[in-house]
Amino acid sequence: MPVVLRMTFSPEPVLRILDGMVHESVGSDMQRASRHRAFLAGHLLAGLLALLAPTLFLAVAGRPQPETAVAFLWLLAPLPIAAFLSRTGRLEAAHLLSSGAFAGFLAYLAVLTGGILSPVLIWLAVVPAEAALSGSRRITIAGSALAALALLAVAAIDFLGPIHVPILPDRALAITVLGGAILYAGGLALRIQRIHARAEKKAREGAGRYRLLADNATDLITRHGVSGDVEFASPAARAIVGCASADLMGDGLFNRVHVADRPKFLQALSEADRTGKAVSAEFRLRRGDLASRPEFIWLEMRCRPAIDPADAGRTLVAVTRDVTVRKEYEAAFEDARAEAEQASHAKGQFLANMSHELRTPLNAIIGFSDMLQQDMAGKFDAARKREYARLIHASGEHLLEVVNSILDMSKIEAGRFEVARESFALGPVVDASLEMVSHQASVRSLTLVRDVQADLPEIVADRRACRQILVNLLSNAVKFTEAGGRVSVVVRLERNHFVIEVSDNGIGISAADLPRIGTPFLQADANYDRRYEGTGLGLSVVKGLVALHGGSLSITSVLGRGTTVSIRLPAGVVAIDRAPVDRIQVRERKIA
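Keep in mind that what you see is a predicted model, and the values were worked out from it rather than measured.

1. Overview of the overall build of the protein chain
When helices and strands are counted, the protein chain shows 17 helices and 12 strands. Scored against the burial criterion, the 592 residues of the protein chain give a buried share of 39%. Relative to all contacts within the protein chain whose residues are 6 or more apart in sequence, the contacts with residues 24 or more apart total 65%.

In structure tokens:
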């Protein structure tokens, strides 16, 4: 069985040798080390090939003449130049030496092969190209100057007299030196090609990395022209805007910006282009298909100017992210802050009201009780004592009413108000409530009107809560109705709901104050010198009790013409929610 030997070549030893020859000053800079390594590899290869040239010459043409020997020695110049670079690390100087050596070699070759008419002189054009590999404009100009000096030197020698050219070895010499020049130029071309290939590879890798970042970034990356038109949009457009990247090109992104925010959008791009600094802007953008129902999201754009590496032109790069959730949090925080401020204001109103509501009956109780206590001689008659006792009792009842209202409101808001469901008729509850406010109404010469639908079915609810709702509404109506006015209560069944309406032709409520009615401890007239007494808790308690029964409350009023409060309670058995009642939600949902 025949044995097959396979030989493989590994470039690792050669690469290790080259790495060892790179000067230590550039070892940490990968790009500079790569340029040094390429220079060393090219010159070492050229020098090694030059070492083989004499052997081939001897085999073909025999012993070389002195002129040919000098040419062979000149071809060995890349080796000491490579050693110079390895010892000093001065790449530009090494390029200059290499260009000078090559120009001198070509000039010497031209002198031996015809002077100024020698075809070898055409290779002087390669000298500036080799100098350009240094990446230095100064070295490139110096290489061009060396090529020009070599040409002038050949012309001067040719002008001084005829050049002696050996007859026999002319062809061999020409073949050898021209072959060497071709090898040198070929090595130079390979170096140029390698540098270009490496540059293209780095460019592709860089573009690939940037493309990878743009394709996988969760933020939308766009490039804009000076007019603001989109020239590039990353694939994140699908996730953020709900459309393809191509739909944002040109003025596609601008057309999706909310009309009110377009000046802000354009101003940010213009400001970034004008100042050269990063500029941020928040705006609303229409998401999804333009033909569908509009859906706007909040975006934050950070844009800054940049230089396009493709054409060195000025462009704008923007990174845009969806901040809709953050804006919602900010709006919720603002609502909570407004609610806290309103609650703080309500507490202030509460303290102002309580200082009056508590001080007045307490002063009466203390004052009249002191007078009765000091009546040791019995100078007060029985009628006056009864009057004092009545005033003390009335003041105590007023205090008890205030305290009960506060406790009821606290229980309702905390979800601890106990609601006992039972089936009962609303008519007797209405009558009892009217009886409780009849004395106050008669004092003010008010007319009370009762209108309860006949054959009204029983309601399933808390009897005490319903009586408190009616008493509070009737008390408010009587309180805010001028003498000789009219207060009416209407109860009827309407589409599986009991409707209770309490109306008056009193002072009414202004449109500006109407949304605030029902806030605890707040009255429309909340000044210290207000005409009407009260804590402002009555309607708040009513709202809470209605909400616990699954009902709704609405208020209609005209300033100077009266107010109507309408309550709708579900007929039949209802599920009673014992959770805390949100005052603001109730107000917004229930008050018309």
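Picking up after the structure, the text goes on.
2. What to know about the nonpolar core
Leu426, Leu473, Val489, Val491, Ile500, Val542 and Ile567 are the most contacted members of the largest nonpolar core, which has 40 residues in total. Going through the elements one at a time, helix 14 (426-443), strand 8 (459-461), helix 15 (463-479), strand 9 (486-493), strand 10 (497-504), helix 16 (538-548), strand 11 (552-558) and strand 12 (562-570) are the ones with two or more residues in this core. Looking at which element gives the most residues to this core, the answer is helix 15, with 8 residues. Once residues within four sequence positions are removed from consideration, Leu426 is found in contact with Leu456, Ile459, Val491, Phe498 and Ile500.

3. Describing the pairing of strand 11
A one-sided burial pattern is seen for strand 11, the buried positions being Leu553, Ile555 and Ser557 and the unburied ones Ser552, Ser554, Thr556 and Val558. In this sheet, strand 12 lies alongside strand 11 in antiparallel orientation, the contact comprising 7 bridges. Within strand 12, the position partnered with Ser557 by the bridge is Thr563. What sits between strand 11 and strand 12 in their antiparallel hairpin is a turn of 3 residues, with Gly560 showing a positive phi close to 85 degrees.

4. Overview of the sheet that holds strand 12
Strands sit in the order 7-9-10-12-11 across an open sheet of 5 strands; the sheet is mixed. At either margin of the open sheet sits one strand with a lone partner, and together these are strand 7 (447-452) and strand 11. Here the strands of the sheet are splayed against their neighbours by 10 degrees on average, with no regard to which way each runs. Sheet topology note: the strand 10/strand 12 ladder contains 8 bridges and is antiparallel. When the sheet's bridge partners are listed, His497 is paired in strand 12 with Pro570. In the packing of helix 16 onto the sheet, the strands contacted are strand 11 and strand 12, and the crossing angle to strand 11 comes to about 145 degrees.

5. A look at the pattern of salt bridges
Within the structure shown, the criterion is met by 19 salt bridges. Residue Glu300 pairs with Arg326 through a salt bridge whose shortest N-O separation is 4.0 Å. With Glu300 in strand 4 (residues 296-307) and Arg326 in helix 12 (residues 324-373), the pair connects residues that are 26 residues apart, well separated along the chain. Salt bridges here are not isolated pairs; linked through shared partners, they connect Glu282, Glu300, Arg302, Arg326, Lys327 and Glu330.

6. Quick look at the sheet that holds strand 3 (residues 279-286)
With respect to topology, 5 strands assemble into an open sheet ordered 2-1-5-4-3, the strand pairing being antiparallel. Each having just a single partner strand, strand 2 (230-233) and strand 3 make up the two edges of the open sheet. Each strand axis lies, on average, 30 degrees off the axis of its neighbour in the sheet, ignoring direction. Note that strand 1 (residues 220-224) and strand 2 share 3 bridges and pair antiparallel. Each residue of the ladder has a partner; that of Arg223, found in strand 2, is Phe232. Along the sheet face, helix 11 (residues 262-275) touches strand 1, strand 3, strand 4 and strand 5 (314-322) and points at about 15 degrees away from the line of strand 4.

7. Observations concerning the environment of Leu569
Along the chain, the position of Leu569 falls in strand 12. Owing to a relative accessible area of 3%, Leu569 belongs among the buried residues under this scheme. Spatially, the C-alpha atoms of Leu569 and Ile500 are 8.2 Å apart, while their sequence positions differ by 69 residues. Residues in contact with Leu569, not counting those within four places in the same chain, are Ile459, Cys466, Asn496, His497, Phe498, Ile500, Val546, His549 and Gly551.

8. Thoughts on the packing of helix 14 against helix 15
As a packed pair, helix 14 and helix 15 sit with axes 9 Å apart at the nearest point and diverge in direction by 30 degrees. Taken together, the axes of helix 14 and helix 15 are roughly parallel relative to one another. Helix 15 is crossed by helix 14, and the crossing has right-handed handedness. Only Arg463, Cys466, Arg467, Leu470, Val471, Leu474, Ser475, Val478 and Lys479 of helix 15 make contact with helix 14, whose side of the interface consists of Val429, Val430, Ser433, Leu434, Met436, Val437, Gln440 and Ala441.

9. So, unusual backbone geometry
The phi dihedral of Asp455 falls on the positive side, at around 55 degrees, and the residue is not glycine. One non-glycine residue, Arg495, lies in the positive phi region at around 50 degrees. Here Arg495 is to be found in the loop between strand 9 and strand 10.

10. Thoughts on the confidence of the model for the protein chain
Across the protein chain, pLDDT averages 77, with 76% of residues at or above 70. Confidence over residues 523-532 falls short of pLDDT 50; this stretch has 21 contacts with residues more than four positions distant or in other chains. Overall, residues 573-592 carries pLDDT values under 50, and its contacts beyond four positions in sequence, including any with other chains, amount to 54 contacts.

About the criteria used
Residues numbered from 1 in each chain as written. Predicted model: local features only at pLDDT ≥ 70, side-chain atom pairs only at ≥ 80, totals over all residues. Heavy atoms only, no water. Helix = DSSP H or I, 4+ residues; strand = E, 2+ residues; numbered from the N terminus. Buried < 20%, exposed > 50% of the residue type's maximum accessible area, 1.4 Å probe, protein only. Contact = heavy atoms within 4.5 Å. Core = buried A, V, L, I, M, F, W, Y, C linked by side-chain atoms within 4.5 Å. Pairing = 2+ DSSP bridges. Axes fitted to C-alpha atoms, helices over the stretch in contact; angles between N-to-C directions. Salt bridge = Lys/Arg side-chain N within 4 Å of Asp/Glu carboxyl O. Parallel < 35°, antiparallel > 145°, perpendicular 65-115°, else oblique. Left-handed = near helix turned anticlockwise from the far one by under 90°. pLDDT = per-residue confidence, 0-100.

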